[in-house]
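Spelled out from the first residue to the last, the chains are:
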Amino acid sequence: MRMELTPRFADYELLDSGDFEKLERFGRYVTRRPEPQAVWHRTLPEEEWQRRADASFLRDARSDERGEWRLKPRVPSRWSVEYKYRDMLLRMRLGLTSFKHVGIFPEQASNWNFIYDRTRELCSQGMKPRVLNLFAYTGGATLAACAAGAEVTHVDSVKQVVTWARENMEASGLDGVRWIVEDALKFVNREVRRGNRYNGIILDPPAYGRGANGEKWVLEDNIGEMLECCAALLESKGAFLVLNLYSMGLSSMIARTAVHQAFGVPADESFGELYFEDNFAKQLPLGTYYRLVR
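Residues numbered from 1 in each chain as written. Predicted model: local features only at pLDDT ≥ 70, side-chain atom pairs only at ≥ 80, totals over all residues. Heavy atoms only, no water.

A.B. asks: Mind showing me how you'd approach the pattern of salt bridges here?
C.D. replies: Between side chains of opposite charge, a pair can form as their charged atoms come close. Applying the stated rule across the entire model yields 24 salt bridges. The partner of R194 in a salt bridge is E191, and the shortest N-O contact between them spans 3.4 Å. Of the two residues, R194 and E191 are both situated in helix α5 (residues 184-194); the distance of 3 residues between them amounts to about one turn of the helix. Here K282 and D278 are joined by a salt bridge, their closest N and O atoms 2.9 Å apart. For K282, a relative accessible area of 15% translates into the label buried. You can call D278 buried: its relative accessible area is 3%. One continuous salt-bridge network, built from bridges that share partners, spans D19, E21, R32, R42 and E46. (Salt bridge = Lys/Arg side-chain N within 4 Å of Asp/Glu carboxyl O. Helix = DSSP H or I, 4+ residues; strand = E, 2+ residues; numbered from the N terminus. Buried < 20%, exposed > 50% of the residue type's maximum accessible area, 1.4 Å probe, protein only.)

A.B. asks: Got a minute to help me understand helix α4 (residues 159-171) in this structure?
C.D. replies: With 13 residues, α4 ought to run about 18 Å at 1.5 Å a step, and its terminal C-alpha atoms sit 19 Å apart, in line with that. Within α4, burial applies to V161, V162, W164, A165, N168 and M169. Burial along α4 is one-sided: seen end-on, the buried residues are contained in an arc of 155°. Opposite its buried face, α4 presents the exposed residues K159, Q160 and E170, each directed more than 90 degrees away. With its phi angle positive at about 75°, G173 sits one or two positions after the end of α4. (Expected span 1.5 Å × (residues − 1). Arc of directions from axis to C-beta.)

A.B. asks: Is there a simple way to think about the nonpolar core in this case?
C.D. replies: It is characteristic of soluble globular proteins that their nonpolar side chains tend to be buried jointly. Within the largest apolar cluster, 49 residues are counted, with the highest numbers of intra-cluster contacts made by F26, I104, W112, I115 and F240. Tallying contributions element by element places helix α2 (residues 109-123) first for this core, with 6 residues. Residue contacts for W112: discarding those within four places in its chain leaves F9, Y83, L90, M92, I104, F105, G140, A141 and A144. Judged by nonpolar contacts, the second largest core, of 33 residues, contains L219, A255, F263 and Y290. (Core = buried A, V, L, I, M, F, W, Y, C linked by side-chain atoms within 4.5 Å. Contact = heavy atoms within 4.5 Å.)

A.B. asks: I tried to follow helix α3 (residues 140-147) on my own but got confused; where do I start?
C.D. replies: For α3, a buried count of 7 out of 8 residues is recorded, marking the element as mostly surrounded by other parts of the structure. Inspection of α3 places G140, A141, T142, L143, A144, A145 and C146 among the buried residues, and these make up the whole buried set. Considering only its buried residues, α3 is in contact with β7 (88-95), α2, β8 (130-134), β9 (151-156), α4 and β11 (200-203). A positive backbone phi angle near 110° is found at G149, which sits one or two residues after α3.

A.B. asks: In this structure, what is going on with empty space enclosed by the protein? I would like to understand it.
C.D. replies: Any space left empty among the atoms is revealed by the rolling of a water-sized probe across them. A complete count under the given rule lists 1 cavity of 30 Å³ or more for this structure. The space that makes up the largest cavity amounts to roughly 180 Å³. Lining the largest cavity are 20 residues, with Q108, W112, G140, A141 and D204 sitting closest to its centre. Where the lining of the largest cavity is concerned, the elements lending two or more residues are α2, α3 and β14 (240-245). The greatest single-element share of the lining of the largest cavity, amounting to 3 residues, is contributed by α2. (1 Å grid on protein atoms, 1.4 Å probe; cavity = no way out; pocket = protein on both sides within 12 Å on 5 of 7 lines; lining within 4 Å. Points joined across faces, edges and corners; volume = space filled by probe spheres on them.)

A.B. asks: Looking at this structure, how should I read the layout of surface pockets?
C.D. replies: Roughly 1700 Å³ of internal volume is contained in the largest pocket. Elements supplying a minimum of two residues to the lining of the largest pocket: β1 (12-18), β2 (21-26), β3 (29-34), α4, β12 (208-210) and β16 (283-293). When its residues are assigned to classes, the lining of the largest pocket shows 23 nonpolar, 10 polar and 15 charged. (Nonpolar A, V, L, I, M, F, W, Y, C, P; charged D, E, K, R; others polar.)

So, in structure tokens, the structure goes:
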């Protein structure tokens, strides 16, 4: 079933978008940063963007990825936001990084809801679900599974973001997460050899990346092997998978076809785009997703 998803997120608002930028509110503060998919023209004038933005990202002329943030006086470089869903309350710290990211992808809240609901459903069957979060970043999906009662393994190759995720866990009043700093593909290959199994797997791979020991990750080259390993690790009944793709040009249909080849046709599935609509009804796609339940 194809569905386009946008979450309700009180501490986040897409104010305007266009001319390859987006103007966003995270809690009390407004950021301005590049957005390659905002190919249309922005609605508000430049003067209004300058007035509203508390922090603006300026790209380094020597790099397509890196840059620096310019902050207005008394604007902190770190602050926190909250996300509420049912009985779940997540508190996550934001930080302005040199790669334009802020430590949270708010569109992923739709997936956090799914992860929370599926985990609660498994818990209601009298089990302690085991959930694996790969390329887990600052841990939004980890916290959703943990809040629902899962035993969570959080894997990321960057020690600093694993520490950041642990801080988010503590701020959210949660505990019990297993933290792994390692290359995700190396980890799942070892888990397959060990015969380990999980009731849920969250897979959020970048287009390109480096492992903890310099291992190279290229999405198009490595996603097939990764999905085959995940298929071997996922329990055969009632278990769930969440796959996100951020690379421009990779559709949810590509994700669905690749997953079907590795996992077979599931009992239930959904796929589509994650997006936010700005205050002028312009819909900004922010990645594709695929979910299945065995």
